[in-house]
Amino acid sequence: MTTNTSGDEVTPTPDLERKAERLLRSTAARSYDPDLDIDWEAPLVEGAPFIKPERSSLYGTELWERMTEQERVTLTRHEGASVMSVGIWFEEILIRMLAKIAYEGDPTSQRVKYAFAEIAEECRHSVMFARTIERMGVPAYGVSRHVHRLGRILPFLARGEVIWAATLLGEEIPDRLQREMVEDDRIQPLMRMVNRIHIMEEARHIGFAREELAREAARTPRWLRPIRKAIIAHIAFIVSRSLINPEVYRSIGLDPKQTRKIALANPHHQRTLHWAAEKVVAALDDADLIGRPGRSWWKASFLVR
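Here the structure is a predicted model, which means the values were calculated and not measured.

(A) Region of interest: unusual backbone geometry. Here R292 and P293 are connected by a cis peptide whose omega angle stands at -10°. With respect to the helices, strands and loops of the structure, P293 is situated in the loop between α12 (278-286) and α13 (295-301). Backbone geometry at D288 places phi at a positive 60°, although glycine is not the residue there. On the accessibility criterion, D288 (38% relative accessible area) is partly exposed. You will see that F302, though not glycine, has its phi angle at about 70°, which is positive. Locating F302 in the fold gives a position in the segment after α13. Accessibility expressed as a relative area gives 16% for F302, which makes it buried.

What follows is the structure, given as structure tokens:
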């Protein structure tokens, strides 16, 4: 017998166990060791961007037009590091949530064994991201202090579908950006390899989270659903605002506070966020987790129009 994220006991169904077993087989067959599978000593390619320039938060603005090519590359280096460092923060939260499932569950069940396997993969991903940021020679920007404090309590306070919605928001938005970069020959080879490893293994994690989300959403009482919708909407807003730490703009001599305002008002950046979130928004909408209350948070996040 296992428990869900609300602390209620849940008997693993045969279907749930079969899906977890399939994910375990996939993990065994298609896993990577970044320490061995990435050439960390390879030189960075001079002049190559670290993210797609078209996905930079300032692309399309007058500031972007005035920047030199070197300044644009520098900005993509720092924005790429920002997204990766926020990814580490996301994964640390997910690891704690998965550990809670394992702690409360039957260690011989396929579901708990898969939770252990995913924890191991997320740990490797975090080390891989940290080594990449170090290789880039830039700060691990992370999230703001306020958001960092919220991240401490989220695994304890979030219940049911909220934790899985938060997981998907943190995983699927960067995942879509990474998938696009893998196919772009302009991008730094190191970034493309890191993204390739991450998206292949993250596909399993996203599949697991979607299954858990659907199961939890189906058992939520009607009276509780509006509360959880509002919480999920607020999390979506935090995720969208956290991906690019405004301190990245100092790298090209710009004021973080003023430049952040320009980035958030940039229609191209808004469209990028909306595009990156299309799949996760569709999944949450299918589970009836988007709408009032909280619609204003979704619109302010630019993930929903």
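There is more to say, and it comes next.
(B) Fine view of a positive patch on the surface. A cluster of basic residues, R96, R145, R149 and R152, forms a positive patch at the surface. With 3 residues, helix α6 (residues 145-157) is the largest single contributor of residues to the positive patch. Among the structural elements, R152 can be located in helix α6.

(C) Focus on the pattern of salt bridges. Tallied over the entire structure, the rule returns 20 salt bridges. Between E121 and R204 there is a salt bridge, with the nearest N and O atoms lying 2.4 Å from each other. Residue E121 is located in helix α5 (residues 110-136), and its partner R204 is located in helix α8 (residues 189-218); the two are separated by 83 residues in the primary sequence. Residues E121 and R204 agree in their burial class; the two are buried. Ionic pairing is found between R210 and E172, a salt bridge with its closest N-O pair at 3.0 Å. Of this pair, R210 sits in helix α8 while E172 sits in helix α7 (residues 161-182), placing them 38 residues apart in sequence. Taking relative accessible area as the criterion, R210 reaches 33% and is therefore assigned partly exposed. On the accessibility criterion, E172 (7% relative accessible area) is buried.

(D) Just the layout of surface pockets, in detail. The calculated volume of the second largest pocket comes to roughly 160 Å³. With 3 residues, helix α9 (residues 225-242) is the largest single contributor of residues to the lining of the second largest pocket.

(E) Structural context of the side chain of T272. With respect to the helices and strands, the residue T272 is situated in helix α11 (residues 267-276). Take T272: its relative accessible area is 5%, and that puts it in the buried class. Setting aside residues no more than four positions away along its own chain, T272 makes contact with E54, R55 and L177.

(F) Just the packing of aromatic side chains, in detail. Considering all chains together, one arrives at 5 aromatic pairs under this definition. Seen in terms of ring centroids, Y59 and W64 are 5.5 Å apart; in terms of plane orientation they differ by 65°. Their pairing is edge-to-face. Its relative accessible area of 27% is what places Y59 among the partly exposed residues. Ring-pair connections join several aromatic residues into one group, and the members of that group are Y114, W164 and F208.

Conventions adopted
- Residues numbered from 1 in each chain as written.
- Predicted model: local features only at pLDDT ≥ 70, side-chain atom pairs only at ≥ 80, totals over all residues.
- Heavy atoms only, no water.
- Helix = DSSP H or I, 4+ residues; strand = E, 2+ residues; numbered from the N terminus.
- Buried < 20%, exposed > 50% of the residue type's maximum accessible area, 1.4 Å probe, protein only.
- Patch = residues over 30% accessible without salt bridge, like charges linked within 9 Å, V, L, I, M, F, W, Y side chains within 5 Å.
- Areas by Shrake-Rupley, 256 points an atom, 1.4 Å probe, with all protein chains shown as cover.
- Salt bridge = Lys/Arg side-chain N within 4 Å of Asp/Glu carboxyl O.
- Lys, Arg positive; Asp, Glu negative; His and termini not counted.
- Charge placed at Lys NZ, Arg CZ, Asp CG, Glu CD.
- 1 Å grid on protein atoms, 1.4 Å probe; cavity = no way out; pocket = protein on both sides within 12 Å on 5 of 7 lines; lining within 4 Å.
- Points joined across faces, edges and corners; volume = space filled by probe spheres on them.
- Contact = heavy atoms within 4.5 Å.
- Phe/Tyr/Trp six-rings, centres within 6.5 Å; stacked < 30°, edge-to-face > 60°.

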